[in-house]
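Chain by chain, the residues run as shown.
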Amino acid sequence: MKSQGSSSDKNCKVSFRKKLLIIDSDLGVEDVERLKFLCIGLVPNKKLEKSSSASDVFEHLLAEDLLSEGDSFFLAELLYIIGQKKLLQYLNYTEEKVEQLLPIQGKVSLFRNLLYELSQGIDSEDLKNMIFLLNDSLPKTEMTSLSFLALLEKQDKIDEDNLTCLEDLCEMVVPKFLRNIEKYKREKAAQIVTPPVDKEAESLYQGEEELVSQTDIKTFLEALPEESWQGKHARSNEILTGVFQWLGFTVHIYNDVTKGEMEEVLQKEKCNPAHADGDCFVFCILTHGEDGAVYSSDEALIPIREIMSHFTALQCPGLAEKPKLFFIQACQGEKIQLSKSIEADALNPEQAPTSLQDSIPVEADFLLGLATVPGYVSFRHVEEGSWYIQSLCNHLKVLVPREEDILSILTAVNDDVSRRVDKEGTKKQMPQPAFTLRKKLVFPVPLDALSL
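Report follows, based on the coordinates. (Residues numbered from 1 in each chain as written. Predicted model: local features only at pLDDT ≥ 70, side-chain atom pairs only at ≥ 80, totals over all residues. Heavy atoms only, no water.)

1. Description of the sheet that holds strand 7 (residues 293-295)
For clarity, the threshold we go by: We call two strands paired when DSSP finds no fewer than two bridges between them. Secondary structure elements follow DSSP: runs of H or I no shorter than four residues count as helices, runs of E no shorter than two count as strands, and numbering proceeds from the N terminus.
Read across the open sheet, the three strands follow the order 6-7-8; overall the sheet is antiparallel. Each edge of the sheet is formed by a strand with only one pairing partner; in this case those strands are strand 6 (289-290) and strand 8 (301-303). As defined by bridge partners, strand 7 adjoins strand 8 across three bridges and the pair is classed as antiparallel. Pairing of alanine 293 across the sheet is with proline 303, part of strand 8.

2. With respect to the packing of aromatic side chains
Stated formally: Between rings of Phe, Tyr and Trp, where Trp is taken as its six-membered ring, a pair exists when centres lie within 6.5 Å; planes separated by under 30 degrees are stacked, by over 60 edge-to-face, and by other angles tilted. Here the term buried applies to any residue with accessible area under 20% of the maximum for its type, exposed to any over 50%, and partly exposed to those in between, with areas from a 1.4 Å probe on protein chains only. Placement of a charge over a ring requires the Lys NZ or Arg CZ to be within 6 Å of the ring centre, with the centre-to-atom vector within 35 degrees of the ring normal.
This model, assessed by the stated rule, comprises 11 aromatic pairs. Geometrically, the ring pair formed by phenylalanine 249 and phenylalanine 443 is edge-to-face, given 5.7 Å between the ring centres and 70° between the ring planes. Residue phenylalanine 249 is found in the loop between helix 13 (234-246) and strand 4 (250-254), and its partner phenylalanine 443 is found in the loop between strand 15 (440-442) and helix 18 (447-450); the two are separated by 194 residues along the sequence. In terms of burial, phenylalanine 249 and phenylalanine 443 fall into one category: buried. Put simply, the rings of Phe281, Phe283, Phe311, Phe326 and Phe366 pair up and form one aromatic cluster. Above the plane of the ring of tyrosine 80 lies lysine 85, whose end atom (NZ or CZ) is 4.6 Å from the centre. A cation sits over an aromatic face here: arginine 112 above phenylalanine 37, 5.1 Å from the ring centre.

3. Describing the pairing of strand 9 (residues 324-329)
Most of strand 9 sits out of view: six of its six residues are buried. In terms of strand pairing, strand 5 (residues 280-287) meets strand 9 through six bridges, oriented parallel. Paired with phenylalanine 281 across the bridge in strand 9 is lysine 324.

4. Considering the environment of phenylalanine 74
Heads up, the rule is: Pairs of residues are marked as contacts when any of their non-hydrogen atoms sit within 4.5 Å.
Within the fold, phenylalanine 74 resides in helix 5 (residues 73-81). Placed 28 residues apart in sequence, phenylalanine 74 and leucine 102 show a C-alpha to C-alpha distance of 9.4 Å. Setting aside chain neighbours within four positions, we find phenylalanine 74 in contact with Cys39, Leu42, Leu61, Leu66, Lys107 and Val108.

5. A word on unusual backbone geometry
For aspartate 65, which is not a glycine, the phi torsion comes out positive at approximately 60°. With respect to the helices and strands, aspartate 65 occurs in the loop between helix 4 (54-63) and helix 5. Overall, the relative accessible area of 59% leaves aspartate 65 in the exposed class. The backbone of aspartate 256 sits at a positive phi, close to 50°, despite the residue not being glycine. You can see aspartate 256 is positioned in the loop between strand 4 and helix 14 (259-270).

6. Some details on the pattern of salt bridges
Stated precisely, the cut-off is as follows: Each reported salt bridge corresponds to a side-chain nitrogen of Lys or Arg within 4 Å of a carboxyl oxygen of Asp or Glu.
Enumeration over the complete set of coordinates arrives at 12 salt bridges. Its salt-bridge partner being glutamate 59, residue arginine 17 comes within 2.9 Å of it at the nearest N-O pair. Taken as a pair, arginine 17 in helix 1 (residues 2-25) and glutamate 59 in helix 4 lie far apart in primary sequence, 42 residues in all. Judged by its relative accessible area of 43%, arginine 17 is partly exposed. Its salt-bridge partner being aspartate 31, residue arginine 34 comes within 3.4 Å of it at the nearest N-O pair. Residue arginine 34 and its partner aspartate 31 are located together in helix 2 (residues 29-38), separated by three residues, close to a single helical turn.

Below, the structure is given as structure tokens:
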């Protein structure tokens, strides 16, 4: 049986390489130059300089772990950018799917995209004039718009933080490109600006003909046994906090919570007088877990249903008829042997998986989002954070400005996480939401997103 599995793996790899060869055969010399340019900064320059075909570039992408049979999105991104969208079919992508995933999984930087965009608009006369303006500092060789911009970058005349030389050239030769550069600066600034903690916002709980103005309140809970939260979930914590502050939530953080402290937090939050003025509540837990339950820092197992039951209309009148969202980053099943950079968030359970719906109170207006389906582990990258929290926050940032409702966002999260695999391509994860929401929940578009 083992040899059959090995043979099957080899056949899959051969089949994938056949697809790459088909893509290679449809790409011309100019396409190869474009691929090489877009890979600058991701693949060593010496390797790119020696590449004379698309298949050479593909080999480097495979070697740099930027391309695999389990994750071919980067190549799909490259093909999309260079306009070879018909070739996406060989990677099982559509143009629409790439467009949806680009803001979340795209690897080509804003700077590289800007230069490529400009290169496609620089005609031969524009290029001739730009070369004339910089004649003394350029080699006497024939250049394309791409090689010209790559040379400016190589000579340190431009970089992602210094576009003065490029702006001067555009102002003299093609002033219309200054708009592209200004757009790039705004988008780059938006990537690094952290929204203020006290920024106020509204959210919308949208029914067929009902829009309810809201003030958001968020409680964020951390409970990790054995070691501090900073060690294991720091990245996910940072991402969650930043995104929900951006959405206008007031964020409360509780770290290394024992079972007794958990009860104190739940009592405090269910009696929070601010609920009367708010009409959306979000509670996030990052910890270890078993089927239908999570661990406190003193290793007490607490049923998820017990946590959520504190916020029913009877227990918490201030949140009656208001959406209550719970996001749980924790395993719900057996711990497994994992690769070096992936860890499990679970201890070893013995009971059979239960229905996720059993964790939700029998009452309207609740949503429970679990990182994985009952009975299975969830994964976390030790540097980038958990797959689920990464995807949830990325999709909130991308889809809230498009006015997508929370269930549509969680569906996109399911699709994204389900496509992820570890480096060996053997371990996957499938999140699962359950809900009793009566209306669509749509967060408002933050003001800084509207200005872009």
